[in-house]
Amino acid sequence: MKPRRVSKPIWVGPVKIGGDAPISVQSMTKTDTRDVQATVRQIKELEEVGCDIVRCAVPDLEAARALADIKRQVKIPIIADIHFHHHLALEAIKSGVDGLRLNPGNLRDADKVRSVVKAAKERGIPIRIGVNFGSLPPVGGIGKSGGLSRVYDMVNRLPKAGEAKPGEYSVVDHMVATALWEIQILEDMDFDNIKISLKAFDVPTTIEAYRRIARMVPYPLHLGITEAGTVKAGSIRSAVGLGYLLYEGIGDTIRVSLSGDPREEVFAGYEILKALNLRQKGVTLIACPSCGRADVDVVRLANQVDEIIKGLNANIRVAVMGCEVNGPGEAKDADVGIAAGVGRAVIFRKGQKVRVVNAGEMLTALLEEVEKLLQEQKAGSLGD
Ligand code: SF4
């Protein structure tokens, strides 16, 4: 794994992004922002599962104003997601948001961008320059307001990563150029409270765009694969793209975009970070895939355990293995685990057998061991 790229840290409320800060996990609410009650409820659910930062769509002035009410009722920082209209950004700033996302693809009037930067500077909040393949400016239209509609704008004809002939202008070139246009405006105003994203659905294009910008500017990068898909397919797609970049040391905060409950985005985000040992948040479940040697329904047992432990605020590894023969050995790394046998189950810790229980009580016994381990950890940390 490559060392992490050096980036200039910024703060979104109390959350540090970039520099040596842990890679943060973001999500976005899926409620109508004008519905304060529903939005607050969803943000609280995200807080509970360890989401670091949440973004809310701001489709109109009513939504921008609602953010003030929402902010008062939640703990995690809120970012206002702005498209098309700069006055929505100004209103969101007045509502006290902790950061903005501006889309340089559809907010292309430099003077309007400058008025937002001025207000953000006064409030000391960062701006994410959020480039998205789905809303790039027309080719030749970067920084030009008006312009052709996206259907005739040639963007869809640009070659993707790996398809461009030498010297040919590609989607990656267009994405990077779009980001640089806005970076220039902000830097000219002596504003460096910047974060950047360059998301596409196409994974190689996304990877290339981030690699390119990572070499050009010092700002922290927000990683994401846009419109990634359903919980299952989207998590895999995001894991491939984000995992590759993170392994290369690129990326300071991530959002996994999924068509599903936003909490799934947070779970997927942490799983990606955990897989690369970049962050240990919550319990890691190690579960064997099951095979002809399995003595119990491992899939059912693993899912039952997952449901119970996934919300726990602890840094431990729990294993659910299908047989006594290979289970404890295959899950040596687990802090605590269960290996099911015929009519009984072995509870083990770090590969060592500690207890044998009847099949009927294996779930309860495993959870008791997890609880015991958490108590021991707590006692240990108090003694430090
Ligand atoms: S732990 Fe046992 S049941 Fe599970 S995959 Fe390994 S050999 Fe098969």
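The residue numbering used here restarts from 1 in each chain and proceeds along that chain's sequence as written. For this predicted model, a pLDDT threshold of at least 70 governs which residues receive local features, and a threshold of 80 or more governs which side-chain atom pairs are given and counted, while totals over whole chains, interfaces and linings are taken from all residues.

### Some thoughts on the overall build of the protein chain
Put simply, the rule is: By the criteria applied, helices consist of DSSP H or I runs no shorter than four residues and strands consist of E runs no shorter than two, each listed in order from the N terminus. Here the globule rule reads 2.2 Å times residues to the power 0.38, and the radius of gyration is calculated from C-alpha atoms. Exposure in this text rests on C-beta crowding, where 20 or more other C-beta atoms within 10 Å of a residue's own make it buried, 12 or fewer make it exposed, and counts in between make it partly exposed. The C-beta atoms are placed from the backbone. Placing C-beta atoms from the backbone, we regard two residues as in contact once those atoms come within 7 Å.
Helix and strand counts for the protein chain stand at 11 helices and 15 strands. On C-alpha atoms alone, the protein chain measures out to a radius of gyration of 23 Å, which is about the 21 Å that the 2.2 N^0.38 rule sets for 384 residues. The principal-axis extent of the C-alpha atoms belonging to the protein chain is close to 70 × 50 × 35 Å. Burial analysis of the protein chain (384 residues in total) assigns 44% to the buried set. Taking as baseline every contact in the protein chain between residues at least 6 positions apart, the subset at least 24 positions apart corresponds to 62%.

### Some words on the environment of Ile-70
Note that Ile-70 resides in helix H2 (residues 61-73). Residues Ile-70 and Cys-323, 253 residues apart in the sequence, show an inter-C-alpha distance of 50 Å. In this structure Ile-70 touches Val-36, Thr-39, Val-40 and Ile-78, once residues within four positions along its chain are discounted.

### Description of the environment of Leu-301
The topology assignment puts Leu-301 in helix H9 (residues 298-309). The contact partners of Leu-301, leaving out residues within four places of it in the chain, are Val-296, Val-320 and Ala-340.

### Considerations on unusual backbone geometry
With phi around 65°, Phe-84 is a residue other than glycine that occupies positive phi space. Classification of Phe-84 as partly exposed rests on a count of 13 C-beta atoms within 10 Å. Even without being a glycine, Asp-190 presents a positive backbone phi close to 60°. As for its placement among the helices and strands, Asp-190 is situated in the loop between helix H5 (171-188) and strand E8 (194-199).

### Here's the deal with helix H7 (residues 231-247)
Applicable threshold: A helix is expected to span 1.5 Å for every residue after the first.
Between its terminal C-alpha atoms H7 stretches 22 Å, which fits the 24 Å expected from 17 residues at 1.5 Å a residue. The complete set of buried residues in H7 reads Gly-234, Ser-235, Arg-237, Ser-238, Ala-239, Gly-241, Leu-242, Leu-245 and Leu-246. Considering only its buried residues, H7 is in contact with helix H6 (203-216), strand E9 (222-223), strand E10 (253-255) and helix H8 (262-275). Positioned one or two residues after H7, Gly-249 has a phi angle of 85°, which is positive.

### Concerning the domain arrangement of the protein chain
For clarity, the cut-off: Residue ranges for the domains trace back to a domain assignment, done automatically or taken from a database.
The domains assigned to the protein chain are domain 1 (10-275) and domain 2 (284-379). Relative placement of domain 1 and domain 2: their C-alpha centres are 39 Å apart.

### Concerning the site of the ligand
For clarity, the cut-off: Think of it this way: take the backbone, place a C-beta atom on it, and check whether that atom is within 6 Å of the molecule or strand, in which case the residue is near it. Polarity classes work like this: nonpolar for Ala, Val, Leu, Ile, Met, Phe, Trp, Tyr, Cys and Pro, charged for Asp, Glu, Lys and Arg, and polar for all others, with Gly in that last group.
Neighbouring the ligand are Cys-288, Pro-289, Ser-290, Cys-291, Arg-293, Ala-294, Met-321, Gly-322, Cys-323, Asn-326, Gly-327 and Glu-330. Across the shell around the ligand, the residue classes break down as six nonpolar, four polar and two charged.

### Structural notes on the pairing of strand E12 (residues 317-321)
Rule in force here: One requirement defines pairing of two strands: DSSP has to find at least two bridges between them. Every crossover in which the path from the first strand over the helix to the second runs clockwise, viewed with the strands pointing away from the viewer, is termed right-handed.
When you tally the buried positions in E12, you get four out of five residues, the bulk of the element. Taken together, the four bridges between strand E11 (residues 284-287) and E12 define a ladder with parallel strand orientation. Looking across to E12, one finds that Thr-284 is bridged to Arg-317. Handedness of the β-α-β unit built from E11, H9 and E12 comes out left-handed. Alignment of E12 against strand E13 (residues 336-340), held across four bridges, turns out to be parallel.

### Overview of the pairing of strand E5 (residues 78-82)
Counting buried residues in E5 gives five out of five residues, a clear majority hidden from the surface. Residues Ile-78, Ala-80 and Ile-82 of E5 are buried on one face, and the alternating residues Ile-79 and Asp-81, pointing to the opposite face, are buried as well. For strand E4 (residues 53-57) and E5, the ladder comprises four bridges, and the chain directions are parallel. For Ala-57, the partnering residue across the bridge sits in E5 and is Asp-81. Where E5 meets strand E6 (residues 99-102), four bridges bridge the pair, whose relative direction is parallel. By the bridge assignment for E6, Ala-80 is matched with Leu-100. Assessed by its sense of winding, the connection that carries the chain from E5 through helix H3 (residues 86-94) to E6 is right-handed.

### Remarks on the sheet that holds E11
Note the following rule: For helices, the fitted line uses only the C-alpha atoms of the stretch in contact; every axis is such a line through C-alpha atoms, and the angle between N-to-C directions lies from 0 to 180 degrees.
Taken together, the five strands give an open sheet; going across it, the order is E11-E12-E13-E14-E15, and neighbouring strands pair in mixed fashion. At either end of the open sheet lies a strand with only one pairing partner, and these are E11 and strand E15 (352-358). Averaged over all pairs of adjacent strands, the angle between strand axes in this sheet comes to 20°, irrespective of strand direction. Of the pairings in the sheet, the one linking strand E14 (residues 344-349) to E15 comprises six bridges and is antiparallel in character. Each residue of the ladder has a partner; that of Arg-344, found in E15, is Asn-358.

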